[in-house]
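Now for the letters of each chain:
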Amino acid sequence: MWDDLVPVGRDPSTGGYRRYAWSDADLTLREWFAAEAARREMPLVEDRNGNQFAWWGDPAEGDAVLTGSHLDSVPDGGAYDGPLGVVSGFAAVDALRTKDFQPVRPIGVANFVDEEGTRFGIACAGSRLLTGTLEPSRARALRDRDGHTLDEVLRRRGRDPERLGAEPELLDRIGTFVELHVEQGRGLVDDGAPIGVASAIWPHGRWRFDFHGRADHAGTTRMADRQDPMLTYAMTALAANKQARLADARATFGRIEVVPGGTNAIPSHVRAWLDARAADEDTIAVLVGTIRRLATERAERDGTRLEVEAESVSAATTFDVGLRDRVAAAVAGPGGAAVPVLPTGAGHDAGILSAAGIPTAMLFVRNPTGVSHAPDEYAEFADCEAGVAALARVLEDLTGPRDVGPRDTGPRDVGT
Ligand code: GLV
Ligand code: MN
Ligand code: MN
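Below: a short report on this structure. In this text, all values refer to a predicted model and were calculated from it rather than measured experimentally.

### Some remarks on the sheet that holds strand β9 (residues 250-259)
Consideration 1: Spatially, β9-β11-β7-β12 is the arrangement adopted by the 4 strands of the open sheet, whose pairing is antiparallel. The sheet is open, and its two borders are formed by β9 and β12 (305-314), each paired with just one other strand. Geometrically, the sheet is characterised by an average inter-axis angle of 20° between neighbouring strands, direction not taken into account.
Consideration 2: Inspection of the sheet shows strand β7 (residues 204-212) paired to strand β11 (residues 269-277) by 9 bridges, in the antiparallel sense. Counted as the bridge partner of Arg206 is Asp275 from β11.
Consideration 3: Relative to the sheet, helix α9 (residues 229-247) contacts β7, β9 and β11, its axis offset from that of β9 by approximately 170°.

### Focus: the coordination of the manganese ion (ligand 3)
Consideration 1: Every protein donor of the manganese ion (ligand 3) is accounted for by His70 (NE2), Asp81 (OD) and His181 (NE2), and the metal-donor separations fall at 2.0 to 2.2 Å.
Consideration 2: Coordination of the manganese ion (ligand 3) draws on donor residues from a single chain, spaced H-x10-D-x99-H in sequence.
Consideration 3: The metal-metal distance between the manganese ion (ligand 3) and the manganese ion (ligand 2) is 3.6 Å, with Asp81 coordinating both. A residue pair is termed long-range when its members are at least 10 positions apart, and Asp81 in the loop between β3 (64-70) and α3 (83-98) and His181 in strand β5 (residues 174-182) qualify at 100 residues.
Consideration 4: On the basis of relative accessibility, which here comes to 5%, the residue Asp81 falls in the buried class.

### Here we look at unusual backbone geometry
Residues other than glycine predominantly adopt negative phi, and peptide bonds predominantly adopt the trans conformation.
Consideration 1: Cis rather than trans, the peptide bond between Val259 and Pro260 has omega equal to 0°.
Consideration 2: Structurally, the position occupied by Pro260 is in the loop between β9 and β10 (265-266).
Consideration 3: Of note, the phi angle at Asp63 is positive, near 50°, even though the residue is not glycine.
Consideration 4: Its place among the elements puts Asp63 in the loop between β2 (52-56) and β3.
Consideration 5: Residue classification places Asp63 among the partly exposed residues on the basis of a relative accessible area of 22%.
Consideration 6: Despite not being glycine, Asp100 has its phi angle at roughly 60°, a positive value.
Consideration 7: Considering the arrangement of structural elements, one finds Asp100 in the loop between α3 and β4 (107-112).
Consideration 8: For Asp100, a relative accessible area of 62% gives the class exposed.

### Overview of the side chain of Ser88
Consideration 1: You can see Ser88 is positioned in helix α3.
Consideration 2: Sequence-distant contacts of Ser88, that is, excluding residues within four places in its chain, are made with Leu180, Val388 and Leu391.

### A closer look at the coordination of the manganese ion (ligand 2)
Consideration 1: The protein atoms donating to the manganese ion (ligand 2) are Asp81 (OD), Glu116 (OE), Glu116 (OE) and His373 (NE2), with metal-donor distances spanning 2.1 to 2.8 Å.
Consideration 2: Read N to C, the donor residues that coordinate the manganese ion (ligand 2) are spaced as D-x34-E-x256-H.

### Overview of the site of ligand 1
Consideration 1: Close to ligand 1 lie Glu116, Arg277, Ala346, Gly347 and His373.
Consideration 2: Contact distances for ligand 1 include 2.8 Å between an oxygen atom and a side-chain N or O atom of Arg277.
Consideration 3: Here ligand 1 loses 93% of its free accessible area of 190 Å² to cover by the protein chains.
Consideration 4: Its residues assigned to classes, the shell around ligand 1 comprises 1 nonpolar, 2 polar and 2 charged.

### Notes on the pattern of salt bridges
Proximity of charged atoms lets side chains of opposite charge pair with each other.
Consideration 1: For the structure shown, the criterion picks out 27 salt bridges.
Consideration 2: For Arg18, the salt bridge goes to Asp76, with nearest N and O atoms at 2.8 Å. Placement of the pair is Arg18 in the loop between α1 (2-5) and α2 (24-39) and Asp76 in the loop between β3 and α3, with a sequence separation of 58 residues.
Consideration 3: On the basis of relative accessibility, which here comes to 33%, the residue Arg18 falls in the partly exposed class.
Consideration 4: With relative accessibility at 18%, the residue Asp76 sits in the buried group.
Consideration 5: Within this structure, Glu36, Arg39, Arg40 and Asp94 form a network of salt bridges that share partners.

### Here we look at the nonpolar core
Consideration 1: Core analysis: the biggest nonpolar cluster contains 47 residues, and Val331 and Leu363 have the highest contact counts within it.
Consideration 2: When sequence neighbours within four positions are dropped, the list of residues in contact with Val331 reads Ile195, Val197, Val339, Leu363, Ala390, Arg393 and Val394.
Consideration 3: One finds Ala64, Ala198, Leu342 and Met362 within the second-largest nonpolar core, a separate group that totals 22 residues.

### Things to note about the side chain of Asn51
Consideration 1: Within the secondary structure layout, Asn51 lies in the loop between β1 (44-46) and β2.
Consideration 2: Taking the relative accessible area as the measure of exposure, Asn51 reaches 0% and is therefore buried.
Consideration 3: One polar contact links the side chain of Asn51 to the main-chain amide nitrogen of Val113, over a distance of 2.9 Å.
Consideration 4: Discounting residues that sit within four places of it in the chain, Asn51 has contacts with Val45, Glu46, Asn111, Phe112, Val113, Gly126, Ser127 and Leu130.

Reading the values: rules and limits
- Residue positions are counted from 1 within each chain, in the order its sequence is given.
- Here every chain gets a letter starting at A, and every ligand a number starting at 1, in the order they are written.
- The model is predicted, so local features are restricted to residues of pLDDT at least 70 and side-chain atom pairs to those at 80 or more, both for listing and for counting; the totals for chains, interfaces and linings are taken over all residues.
- Water and hydrogen atoms were dropped before computing side-chain values, which therefore reflect all heavy atoms in the structure.
- Paired strands, as defined in this entry, are two strands with at least two bridges between them according to DSSP.
- Think of it this way: any DSSP run of H or I at least four residues long counts as a helix, any run of E at least two long counts as a strand, and we number them from the N terminus.
- A fitted line through C-alpha atoms serves as each axis, taken over the contacting stretch for helices, and the angle formed by two N-to-C directions is quoted from 0 to 180°.
- When checking whether two residues touch, look at their non-hydrogen atoms; a contact exists if any pair is within 4.5 Å.
- Note that water is not among the atoms used; donors are N, O and S atoms within 2.8 Å of the metal (3.2 Å for Na, K and Ca), so sites may look incomplete.
- Remark: exposure states derive from per-residue accessible area (1.4 Å probe, protein chains only) relative to the maximum for the residue type, with buried under 20%, exposed over 50%, and partly exposed in between.
- Summary of the distance rule: residues count as near a molecule or strand when at least one heavy atom falls within 4 Å of that molecule or strand.
- Any N or O atom pair separated by 3.5 Å or less is treated as a polar contact, with the protein-specific requirement of one donor-capable and one acceptor-capable atom, and with residues adjacent in sequence counted only for side-chain atom pairs.
- Using the Shrake-Rupley algorithm and a 1.4 Å probe, accessible areas are obtained, with residue cover drawn only from the displayed protein chains.
- In the scheme used here, Gly and all other residues not listed as nonpolar or charged are polar, with Ala, Val, Leu, Ile, Met, Phe, Trp, Tyr, Cys and Pro taken as nonpolar and Asp, Glu, Lys and Arg as charged.
- Salt bridges are identified by distance alone: a Lys or Arg side-chain nitrogen within 4 Å of an Asp or Glu carboxyl oxygen.
- Note on terminology: a nonpolar core comprises buried Ala, Val, Leu, Ile, Met, Phe, Trp, Tyr and Cys residues joined through side-chain atoms within 4.5 Å.

Below is the structure:
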């Protein structure tokens, strides 16, 4: 499976992956997913939002255990973020079948569409639509960098954008979600462990900062006469870095657009995206508020104007403690060493499903570089195999005969 995926959407000049939602590369990945499902005689379901599910057993029976992750990437992303979870899901099914295990409840492998939000700006768009936390009308109007709306792109790809929206029936069938993911830091390296279990996801979000100024000539406009939005942006980027350090948080401007973008012209407009994260929501609120205030004060001095818009905001996730402990015990195996339990600053569909009331857990596979969202992201093959074995033990535990399901089967709120 890995060999099939390696060339798809890889940029030869950087070695990074450019697998954006509904791009040609993404369609190839979707076909790959469908073929892997077919090869295992796992019926494929594509929900109204483009999320793919391969089922072992009939999901209509309910209390299903879902695993999987996503296949899209950030610009020049690594090979593992997302695909490792999908491949490991299929490989864990293979491992269970090889030993003739018969699950008493359905097992699903998922490919969630547009997890990174690279193309349309909203992280975890597929799982947000599924759970009703992204309005279909808002989603349809989202634009990519070429100005194409999601509505247009879906039509071009043979999908009906009018069908976007929550699927409470499908969600009701999912009793548990377990996402395996490459670790995106060095926690497991420091712990000397190949596999860990997640405790929490930091709250995080994306804010668009629009700095408006006055376009003019780079040679003839005296320095004192300029209204240069690049200056306001530059000070804002420095302030964001300093404020994040002071707050023990994270702030990143990873993307800017400069209009009109001439070397010999003062820009009229700089659009920049702030990614901010912290261990708790209050810290982010104060951090973003402070960055915004400092930017506005600077704009007054520069004669520029600032607008700020929240594009994608995710609340803190604390994973179900009972499930987390059960998963950690299954990963360790009888008499095995305790498995590290650690939080992450990276976002995941697991956070969205957890917020929708589905008991959710995550496994992390050690990443020796600690690097992620970049081509140096890595996992040793032996650790990937350990991840598959651990996931298989977890699925076996959760779908073997037992008295009590991991999930409270009471009603859940969808679309709040
Ligand atoms: C997704 O991986 C994110 O953390 O932004
Ligand atoms: Mn990612
Ligand atoms: Mn990911």
